[in-house]
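Examining the three-dimensional arrangement
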Amino acid sequence: MSRKIRVLIVDDSASVRTTLSDIIDADPELEVMGTAADPYVAVERIRQEVPDVMFLDIELPRMDGITFLKKIMSQRPIPVVICSSLAQDGSDTFMQALEAGAVDVVAKPRVDTAHFLQESRMRICDAAKAAAHAKMRGISKVAPALRAPSPDVKVEAKLTADAIIPAISDARRESLIARLPVTEPIVSIGASTGGTEALREVLEALPSTSPAILIVQHMPEKFTSAFARRLDSTCAVRVKEAEDGDIVQAGQVLIAPGNLHMLLVRNGTRYTVKIQDGQHVSRHRPSVDVLFRSTAQSAGVNAMGMILTGMGDDGARGLLEMRQMGSLTLAQDEATCVVFGMPKEAIQRGAAVRTLPLQKMAAEITAFGRKKVSSMGANP
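Below is a short write-up of the structure. (Residues numbered from 1 in each chain as written. Predicted model: local features only at pLDDT ≥ 70, side-chain atom pairs only at ≥ 80, totals over all residues. Heavy atoms only, no water.)

**Side note on the overall build of the chain**
Looking only at helices and strands, the chain has 13 helices and 14 strands in total. A separation threshold of at least 6 residues defines the contact pool for the chain, and within that pool the share at least 24 residues apart is 73%. Split by element, the accessible area of the chain, about 15400 Å² in all, is 50% carbon and sulfur. (Helix = DSSP H or I, 4+ residues; strand = E, 2+ residues; numbered from the N terminus. Contact = heavy atoms within 4.5 Å. Areas by Shrake-Rupley, 256 points an atom, 1.4 Å probe, with all protein chains shown as cover.)

Pasting the structure below:
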């Protein structure tokens with residue numbers, strides 16, 4: 001895509017429209033093609049020019065955002081990023097938006113401090129770029145080439161999981177593999193844009209006896225609790241937002257809380273999770289790389305790593321470390337990805353043992369769990 005990504009902003013707050021416009025226009029790869037205070041004005045804008053991405057609030061005059069989103073998706077699908085403060089209050093409304101076809105969700109920008117404004121800027125611009133790559137229903141769209149990060153966040157892009165978990169030498173890795181006893185199987189999954197629906201499809205297909213699962217889904221603070229509650233209501237496995245010290249156990253899924261890293265920690269033959277603050281790693285907090293690296297070091301051959309749809313390269317390095325530690329590593333294939341960014345990076349680095357369509361991932365998790373449980377019985 002040689003031209004800039006065109007963004008339409010739909011929000012009834014003039015100050016929010018201005019702040020979002022300033023953030024988006026400051027990025028050299030993005031431009032605001034227009035703004036609208038309600039869905040009816042937005043429709044007129046779209047008739048004049050179809051945007052590449054639309055940022056949409058949920059609470060709007062004359063027609064609520066969810067209803068407008070459903071109409072857009074049924075008539076002329078456009079990549080939509082929900083930008084709302086409702087989900088920050090723990091509302092489940094944003095889940096309805098994702099189920100209606102939105103590709104991502106971000107919190108309205110915080111401008112109270114320079115630090116929070118910078119974080120909001122990075123998250124909003126990344127969401128716009130990822131959404132522009134998304135495969136939409138009813139649209140035959142060729143994804144543009146992956147682009148380099150914006151100049152104002154290059155320092156963030158260079159951070160790695162070393163900032164949270166130190167790297168280990170080849171000798172140390174071989175020593176750990178040799179001494180690692182058989183214990184319960186662990187599955188760690190990373191996802192970003194398009195991941196909420198991908199995870200729902202995988203988790204809803206799992207039996208209640210599935211191995212323990214840890215998930216990092218790129219999502220803002222407090223959004224993850226509503227996501228976990230919705231999954232828990234539709235899945236046979238138990239799903240909850242992870243808390244520091246939670247025991248990792250079969251039949252349960254722990255989702256990293258937004259804006260905090262999640263690590264797997266081994267205590268004897270038992271696993272727990274550690275939830276902690278820290279720098280953005282691979283441009284994210286929580287970071288898939290942090291989860292994968294801790295899984296590699298704590299579980300090794302007893303773990304499976306799975307990287308799903310998403311933009312960028314978070315998780316590619318950590319998945320490679322899991323493979324080097326003897327873990328089974330999988331990447332979602334391009335055909336079933338909303339955005340083939342993170343899996344592509346993992347595949348190119350040789351991190352994924354196999355590439356599979358999304359609909360086969362649940363069966364792989366189940367088979368992996370059964371195989372590990374069987375080996376535990378053979379080697380008490």
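The structure having been displayed, the exposition proceeds.
**Topic: the environment of Met 33**
Locating Met 33 in the fold gives a position in strand β2 (residues 30–36). In sequence terms Met 33 and Ile 5 are 28 residues apart; their C-alpha atoms lie 9.1 Å from each other.

**Considerations on the pattern of salt bridges**
Overall, the coordinates contain 23 salt bridges when judged by the stated rule. Note that Arg 62 is salt-bridged to Asp 38, the shortest N-O span being 3.1 Å. Here Arg 62, found in the loop between β3 (53–56) and α3 (65–75), pairs with Asp 38, found in the loop between β2 and α2 (39–48); they are 24 residues apart in sequence, far enough to count as distant. The closest approach of N and O atoms between Arg 354 and Glu 364, which form a salt bridge, is 2.7 Å. Taken together, the residues span a long stretch of sequence, with Arg 354 in strand β14 (residues 354–356) and Glu 364 in helix α13 (residues 361–378) at a distance of 10 residues. With a relative accessible area of 19%, Glu 364 lands in the buried category. A single network of salt bridges, built from pairs that share partners, joins Arg 3, Arg 6, Glu 49 and Asp 52. (Salt bridge = Lys/Arg side-chain N within 4 Å of Asp/Glu carboxyl O. Buried < 20%, exposed > 50% of the residue type's maximum accessible area, 1.4 Å probe, protein only.)

That's the geometry; what it means functionally is another story.
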